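# Reading the structure
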Amino acid sequence: MNNKIEPSNLLVSSSGMSLCSKQTSLHEKITQQDQPLPHLPFHICRDGTWLYRGSPIKRKALICLFASLLRRDSMGRYWLKSTTESGLIHVEDVPFMAIELDFRGKCNRHQTLCFRTNVDELICLGEDHPLICDWDRPLEDSTVPYIHVRDGEGDKPILARVSRALLFELAALATIGHVNGKACLGVWSRNCFFPLSRLADKE
């Protein structure tokens, strides 16, 4: 005798229940809130490697597919959401890496800096895709910049971290600019200036 309950059977059974539906709706909402959030066995390492149950995913096409399903909620948590399933996943830092830089146009205000991510997404720096960097600190404490890839919920965007190799390329393109009245080094792209670091102190 087959006692296996299929998901489709559960849906049919629940649709057939009509008694006291109004009285139980509030109870159901409270119960759903008390239930633990679903988790999927995915992990994105700091270097951009995707793991499934602890093993690296080696198929690039599969990683790109999962990346297209990635969402970020207003609490900063990452989700994989498809039409049939959704769940939280763990991300060490940010989900993507910027690994290649393409310089287009002339220079300074008239140039466009385009980055390719590790999932082959092309991001051009500008108003919609800013470079985010905690630049206003001593040079020895400088931090790695990030690129706004796409919006999440609220003020929690999905970011890509600039690789160390590309950071040197950005430094080579850097010019002097001003942010909030402070002189700094930064890069231009699509008529937007993005600070990278303070100016070195004069001895």
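Residues numbered from 1 in each chain as written. Predicted model: local features only at pLDDT ≥ 70, side-chain atom pairs only at ≥ 80, totals over all residues. Heavy atoms only, no water.

The next thing to look at is the pattern of salt bridges. Side chains that differ in sign of charge can pair as their charged atoms come close. Under the defined criterion, the tally for this structure stands at 11 salt bridges. We note a salt bridge from aspartate 136 to lysine 182, for which the minimum N-O separation is 2.6 Å. Residue aspartate 136 is found in the loop between strand 10 (131–132) and strand 11 (146–150), and its partner lysine 182 is found in strand 14 (residues 182–189); the two are separated by 46 residues along the sequence. The network of salt bridges with common partners includes Lys60, Glu100, Arg116 and Asp120. (Salt bridge = Lys/Arg side-chain N within 4 Å of Asp/Glu carboxyl O. Helix = DSSP H or I, 4+ residues; strand = E, 2+ residues; numbered from the N terminus.)

Let's shift gears to the packing of aromatic side chains. Counting across every chain of the model gives 4 aromatic pairs. When the ring of tryptophan 50 is compared with that of phenylalanine 66, the centres are 6.3 Å apart and the planes differ by 20 degrees; the resulting orientation is stacked. Taken together, the residues span a long stretch of sequence, with tryptophan 50 in strand 2 (residues 50–52) and phenylalanine 66 in helix 3 (residues 60–68) at a distance of 16 residues. This pair shows no difference in class: tryptophan 50 is buried, exactly as phenylalanine 66 is. (Phe/Tyr/Trp six-rings, centres within 6.5 Å; stacked < 30°, edge-to-face > 60°. Buried < 20%, exposed > 50% of the residue type's maximum accessible area, 1.4 Å probe, protein only.)

Pairing of strand 13 (residues 175–179) with strand 14, which is carried by 5 bridges, proceeds in the antiparallel orientation. Across the sheet, residue glycine 177 finds its bridge partner in strand 14, namely cysteine 184. The loop that links strand 13 with its antiparallel partner strand 14 comprises 2 residues; one of these, asparagine 180, has a positive phi angle of about 55 degrees. When strand 14 meets strand 15 (residues 192–198), the two strands line up antiparallel, connected through 6 bridges. By the bridge assignment for strand 15, valine 187 is matched with phenylalanine 194. Here strand 14 hands over to strand 15 after 2 residues, with arginine 190 in that stretch at a positive phi of 50 degrees. (Pairing = 2+ DSSP bridges.)

To continue, consider the state of the cysteines. Using the criterion set out here, one finds 1 disulfide in the structure. Across a sulfur-sulfur distance of 2.3 Å, cysteine 114 and cysteine 124 are joined as a disulfide pair. Because the torsion about its S-S bond is 90 degrees, the bridge between cysteine 114 and cysteine 124 counts as right-handed. You can see cysteine 114 sitting in strand 8 (residues 111–117) and its partner cysteine 124 sitting in strand 9 (residues 122–124), a full 10 residues away along the chain. The class for cysteine 114 is buried, based on a relative accessible area of 1%. Under the relative-accessibility criterion, cysteine 124 is labelled buried at 12%. You can see cysteine 133 has no disulfide; the closest cysteine sulfur is in cysteine 184, sitting 9.8 Å from it. (Disulfide = S-S within 2.5 Å.)

Ordered in space as 13-14-15, the 3 strands form an open sheet in which the pairing is antiparallel. The open sheet has two edge strands with one neighbour each: strand 13 and strand 15. Taking the axes of each pair of neighbouring strands and ignoring which way they run, one obtains an average angle of 55 degrees across the sheet. (Axes fitted to C-alpha atoms, helices over the stretch in contact; angles between N-to-C directions.)

Moving on, we come to the side chain of aspartate 73. Tracing the backbone through its elements, the reader meets aspartate 73 in the loop between strand 4 (70–72) and strand 5 (78–81). Ignoring sequence-local partners within four residues, the contact set of aspartate 73 consists of Trp79, Glu153 and Lys156. (Contact = heavy atoms within 4.5 Å.)

The next subject is the sheet that holds strand 1 (residues 39–44). Sheet architecture is open: 6 strands sit in the order 3-2-1-6-5-4, paired in mixed fashion. With partners counted over all chains shown, the strands left at the sheet margins are strand 3 (55–56) and strand 4, one partner each. For strand 5 and strand 6 (residues 86–91), the ladder comprises 4 bridges, and the chain directions are antiparallel. Directly across from tryptophan 79, in strand 6, lies its bridge partner leucine 88. Strand contacts of helix 3: strand 1, strand 2, strand 4 and strand 5, with the helix running at about 35 degrees to strand 4, the strand carrying the most contacts.

Tracing the backbone through its elements, the reader meets valine 162 in strand 12 (residues 158–162). Sequence separation between valine 162 and valine 144 is 18 residues, and the spatial gap between their C-alpha atoms is 6.8 Å. When near neighbours in sequence (up to four residues on either side) are disregarded, valine 162 contacts Ala98, Leu131, Val144, Pro145, Ile147, Leu167 and Leu170.

Without other data, these values stay purely geometric and don't point to any function.
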